[in-house]
Amino acid sequence: MRNAFAGWSSVGAMIAVGVLVAACGGSSSSTSRTATPALTRAEFVAKANAICTKGNAQTQTATAAYVKKLGLGANAKPTNAQVAKVADAVLIPGAQAEIDAIRALGAPSGDQQTVNAMLAAVQQAVDKVKRNPALVNTNPKLFAAANKLASSYGLKACAAGS
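Our subject in this report is the structure included herewith. Within any chain, residue numbers begin from 1 and follow the written order of that chain's sequence. Selection of residues for local features in this predicted model requires a pLDDT of at least 70, selection of side-chain atom pairs for listing and counting requires 80 or more, and totals for whole chains, interfaces and linings are taken over all residues. To obtain the side-chain values, all non-hydrogen atoms of the structure were included, while hydrogens and water were left out.

Details of the environment of N139
Thought 1: By the criteria applied, helices consist of DSSP H or I runs no shorter than four residues and strands consist of E runs no shorter than two, each listed in order from the N terminus. Along the polypeptide, N139 turns up in the loop between α5 (135-138) and α6 (144-153).
Thought 2: Remark: the alpha-carbon pair of N139 and V129, spanning 10 residues in sequence, is separated by 9.9 Å.

Focus: the packing of aromatic side chains
Thought 1: Pairing of aromatic side chains requires ring centres within 6.5 Å, counting the rings of Phe and Tyr and the six-membered ring of Trp. Pairs whose planes differ by under 30 degrees are stacked, by over 60 edge-to-face, and all others tilted. Taken as a whole, this structure holds one aromatic pair when the rule is applied.
Thought 2: Their ring planes at 80 degrees and their centres at 6.1 Å tell us that F44 and Y153 sit as a pair that is edge-to-face. Note that F44 is positioned in helix α2 (residues 41-69) and Y153 in helix α6, a separation of 109 residues in sequence.
Thought 3: Residue exposure (1.4 Å probe, protein chains only): buried if accessible area is under 20% of the type maximum, exposed if over 50%, otherwise partly exposed. Overall, the relative accessible area of 4% leaves Y153 in the buried class.

Remarks on the nonpolar core
Thought 1: Membership of the largest hydrophobic core comes to 20 residues, with the highest contact counts inside it found for V86, L91, V122, V129, V136, L142 and F143.
Thought 2: For this core, the elements supplying multiple residues, two or more each, are α2, α3 (80-103), α4 (112-131) and α5.
Thought 3: For our purposes a nonpolar core is just a set of buried Ala, Val, Leu, Ile, Met, Phe, Trp, Tyr and Cys residues, chained together by side-chain atoms within 4.5 Å. One finds F44, M118, A157 and C158 within the second-largest nonpolar core, a separate group that totals 15 residues.

Topic: the side chain of N49
Thought 1: Relative to the helices and strands, N49 is located in helix α2.
Thought 2: What qualifies as a polar contact is a pair of N or O atoms within 3.5 Å, subject to a donor-acceptor requirement within protein and to the restriction that residues adjacent in sequence count only when both atoms come from side chains. Of the polar contacts made by the side chain of N49, one reaches the backbone nitrogen of K156; its length is 3.2 Å.
Thought 3: When checking whether two residues touch, look at their non-hydrogen atoms; a contact exists if any pair is within 4.5 Å. Discounting chain neighbours no more than four positions away, the residues touching N49 are G154, L155, K156, A157 and C158.

Thoughts on α2
Thought 1: One less than the residue count of a helix, multiplied by 1.5 Å, gives the span that helix is expected to have. Taking 1.5 Å per residue as the helical rise, α2 with its 29 residues ought to reach 42 Å, and the 41 Å between its terminal C-alpha atoms agrees with that figure.
Thought 2: Those residues of α2 lying buried are F44, V45, A48, N49, C52, G55, N56, T59, T63, Y66 and V67.
Thought 3: One or two positions beyond α2, positive phi appears at G71, with a value near 80 degrees.

Function-wise, these values are silent; they only describe arrangement.
Set out below in structure tokens:
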């Protein structure tokens, strides 16, 4: 079994990053009362990377605290049940918060198809983790496709786990 807790910072980043990429998908204009101009790709990339950087740091800090709360050291060999607890308590909610923040940015004009592809890839992975949080411990490539899409779009901070 792979030592998930030794790499929690990258695991937390992997989930947060993968989920963040999903947030790039189109925002709903029906929820806005005033029209705002779409971000340029450069603006979108900068803002999304900032969201990912902040979210990844928060997820790493929260994960370390939760692991400590469980009484596990950095070199512990966690059970799938322990990994699931951390995923449910920290990783999945943190990732969802990042998705919401990036989704609120709205996709740059002309890039809706690209960001929707990122959204679909990461949502599929997040849904798998929601159904089976132990996958964080058993499937290190869970977000590989989403991270590849994010990286190629310029969301390097959002693909930090790739």
